[in-house]
Amino acid sequence: MLNKEDLKRQLAEMNFFPWDTVFVTADTLKGDIEGGSETALDALCEYFNDGLLVFPTHTWKTINADHYLYDPEKEDTCSGLLPSLFLRREGVYRSLHPTYSVAAAGKKAAEFVKNDDDAQTPCPKTGCIGKLVTEHAKMLFIGCGLKGSAFIHGTEEWAEIPDRLSPDFLPVKVVLPDGTCEDRNIKRHYSSVGDVSENYGKLEEPLLSKGIARKGVFGESECLIIDAERCAAFVSKLLQADPSLFSSAGPVPEEYYSVKKTIKISTSLLSCNAARLEDEVSSVSHSDYMHIDVMDGHFVPNITFGIPIASAVHRITEVPLDVHLMVSEPSKFIEPFAKAGAEMISVHYEVDEDISKLITLMESFHVRPAIALKPKTPVEVVYPYLSRLAAVLIMTVEPGFGGQSLIEGCLEKARKLRAELRRRALRVDIEADGGITASNIGLVSSSGVTLAVMGTSVFREKDRNALIDRCKG
Ligand code: DX5
Ligand code: ZN
């Protein structure tokens, strides 16, 4: 059973900040939540107390030529249960758009909703949906994808895609806060080819692959977190290439969004089935490296592979070995692992040994030297050694266990390091280790990582080499 605090923790794990502007689209909430939807709303409202929380509160299903009076106080929404409950809360402001209103809570809420005061077409750039772009909003889709998204409707409208608005205006009346009525004329969403918003889901794969969208969990619902500004820019570019992109259900052609990735994959054997080592190793033969996590139960609270396993792997594959020493005294193990066939060895900066001497030791055994950094260690500590290193391994989880989620904040170190390497014209691999999946590899690679360690996400696949190929691009 999840409670409010669990939900707030999940928001933090999805890298939301309390001061963010967040646009939440939600379907039915999954999971056993104490207090159900109201608790979910409490968690969202409390978490984003210093920011701006916005929900779509559409009425396009109910406002029409027969029912033309929009009273923001009374009209329910067709956006789902969560927005409908949100609307009834204290301190929530609703905008005056007759069919595509939003509701907002937070310090800037009253100001924010004003953008719809005289908005005409369903989602103009100057309206509240459009303002999500200029506000650098993060969009959180809980348990639902982009199908039917007002934001994508808006993006089509801003790109002036033909055949997306009704030819005629619909005259409606809006009840203003002082109780008086105002006449408004709006256009409705309309397309001669049917409901194009049914096809917006095709954007999910390209957005994930570009690192504009990422996945998360709220309650037990799968979520998509999407950067509004980057999403609008990307979708406009797609629409420029093909204005009728959403007129059919077929996928977005890969050439529209494929990124030339130069990322290499080091497959972590930590999550393989060690009882079938030989088969497991050959199932990942497309890897650029085999990543061997060596843990001593002291530097990290776990024990894993030792020298005999490294040497066995070396005998059964041509793929070079990337040995990650999570041990307190790496100086003792460089020689044996070098002799077991390691091509590259990473030692942790945080150990109590002289880093320069460790590099010299690795050089003396013709091993490519690398320094590994725990999530909390700043990247600048490796700068004095860069000219002697083959790689810097940036841990994107706390070392010790496979199967954890990527700490996105650690990628900032890759960005900094990339800038430093460029400045000094050095060629050093930026390796990231922990929580990397096919869904976030675009984000990882775009932050400058050139070598990605992947364990769980590879070994849970049936066709592992196919996944590795896909991730390499
Ligand atoms: C964690 C290890 C990682 C781990 C990565 O201490 O250093 O190499 O195996 O595995 P996944 O991909 O499961 O996070
Ligand atoms: Zn590792």
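**Description of the packing of aromatic side chains**
Counted according to the given criterion, the structure contains six aromatic pairs. Arranged with centres 5.0 Å apart and planes meeting at 75°, the rings of Tyr47 and Phe48 form a pair that is edge-to-face. Counting every residue linked through ring pairs, the aromatic cluster contains Phe16, Tyr47 and Phe48. The ring of Phe169 is capped by Lys187, whose NZ or CZ atom sits 5.0 Å from the centre of that ring. In this arrangement the basic side chain of Lys374 is found over the ring face of Phe299, its NZ or CZ atom lying 4.9 Å from the centre.

**Here we look at the site of ligand 1**
Close to ligand 1 lie 20 residues; Ser268, Gly400, Asp433, Gly435 and Thr456 are nearest. Between ligand 1 and Gly455 there is a distance of 2.8 Å, counted from an oxygen atom to a backbone nitrogen or oxygen. One of the side-chain nitrogen or oxygen atoms of Thr456 is found 2.3 Å away from an oxygen atom of ligand 1. Relative to its free-state accessible area of 380 Å², ligand 1 is covered by the protein chains to the extent of 99%. Of all the secondary-structure elements, those providing two or more residues to the shell around ligand 1 are strand S12 (289-295), strand S13 (321-326) and strand S18 (451-454). The biggest single contributor to the shell around ligand 1 is S12, with three residues. The class makeup of the residues in the shell around ligand 1 is eight nonpolar, 10 polar and two charged.

**Overview of the coordination of the zinc ion (ligand 2)**
Summarising the metal site, the zinc ion (ligand 2) is bound by the protein donors His291 (NE2), Asp293 (OD), His324 (ND1) and Asp433 (OD), whose distances to it range over 2.1 to 2.3 Å. For the zinc ion (ligand 2), the six donor atoms in the first shell make angles of 69 to 170° at the metal, a pattern classed as octahedral. Read in sequence order, the donor residues coordinating the zinc ion (ligand 2) give the pattern H-x1-D-x30-H-x108-D. Of this pair, His291 sits in strand S12 while Asp433 sits in strand S17 (residues 429-433); the two residues are 142 residues apart in sequence, bridging distant segments of the chain. In this pair, the class of His291 matches that of Asp433, namely buried.

**Focus on the packing of helix H6 (residues 150-158) against helix H8 (residues 228-241)**
Each pair of packed helices can be described by the angle between their axes along with the distance between the axes. At a minimum axis distance of 10 Å, the contact between H6 and H8 shows a crossing angle of 50°. Taken together, the axis directions place H6 and H8 in an arrangement best described as oblique. Of the two possible hands of crossing, H6 and H8 adopt the one that is right-handed. Together, Phe151, Ile152, Thr155, Glu156 and Trp158 of H6 and Ala228, Cys231, Ala232, Val235, Ser236 and Leu239 of H8 make up the contact between the two elements. The class makeup of the residues in the contact of H6 with H8 is eight nonpolar, two polar and one charged.

**A word on the sheet that holds strand S4 (residues 93-94)**
Within the open sheet, the seven strands sit side by side as S4-S5-S2-S1-S6-S10-S9. Their pairing is mixed. If you trace the sheet from one side to the other, it starts and ends with S4 and strand S9 (213-218), each paired once. Where strand S1 (residues 21-26) and strand S2 (residues 52-56) come together, three bridges link them in parallel fashion. The residue bridging Phe23 from the neighbouring strand is Val54, located in S2.

Analysis parameters
- Counting restarts for each chain: residues are numbered from 1 in the order of the written sequence.
- The lettering of chains begins at A and the numbering of ligands begins at 1, in the order of writing.
- In view of the model being predicted, local features appear only for residues whose pLDDT reaches at least 70, and side-chain atom pairs are presented and counted only at 80 or more, with totals across whole chains, interfaces and linings using the full set of residues.
- Side-chain descriptors were evaluated using all non-hydrogen atoms of the structure, hydrogens and water having been removed beforehand.
- Pairing of aromatic side chains requires ring centres within 6.5 Å, counting the rings of Phe and Tyr and the six-membered ring of Trp. Pairs whose planes differ by under 30 degrees are stacked, by over 60 edge-to-face, and all others tilted.
- Note on geometry: a ring has a charge over it if NZ (lysine) or CZ (arginine) is within 6 Å of the ring centre and within 35 degrees of the ring normal.
- Any residue with at least one heavy atom within 4 Å of a molecule or strand is counted as near it.
- In the analysis that follows, any N or O atom pair within 3.5 Å is treated as a polar contact, provided that within protein one partner can donate a hydrogen and the other can accept it, and provided that, for residues neighboring in sequence, both atoms belong to side chains.
- Residue exposure ignores everything except the shown protein chains as possible cover, and the areas themselves are Shrake-Rupley values with a 1.4 Å probe.
- Put simply, DSSP H or I for four residues or longer makes a helix, DSSP E for two residues or longer makes a strand, and each gets a number counted from the N terminus.
- Under the grouping applied here, Gly and all other residues not named as nonpolar or charged are polar, the nonpolar ones being Ala, Val, Leu, Ile, Met, Phe, Trp, Tyr, Cys and Pro and the charged ones Asp, Glu, Lys and Arg.
- Coordination partners: N, O, S within 2.8 Å of the metal, 3.2 Å for Na, K and Ca; water not considered, so apparent gaps in a site are possible.
- Any coordination sphere not matching a tetrahedral pattern (four donors, all angles between 85 and 135 degrees) or a square planar or octahedral pattern (four or six donors, opposite donors over 155 degrees apart, other angles between 65 and 115) is reported as irregular.
- Exposure is judged per residue with a 1.4 Å probe applied to protein chains only, and the accessible area is read against the type maximum: over 50% gives exposed, under 20% gives buried, and values in between give partly exposed.
- As a rule, the C-alpha atoms of each element are fitted with a line to give its axis, helices using only the stretch in contact, and angles between N-to-C directions run from 0 to 180 degrees.
- Should an angle lie under 35 degrees it is considered roughly parallel, over 145 roughly antiparallel, and from 65 to 115 roughly perpendicular; all remaining angles are considered oblique.
- Working rule for handedness: look at the near helix, and if it is turned counterclockwise from the far one by less than a right angle, call the crossing left-handed; if clockwise, right-handed.
- Residues are treated as being in contact if the distance between any of their heavy atoms lies within 4.5 Å.
- Here a strand pair is declared whenever DSSP counts at least two bridges between the two strands.

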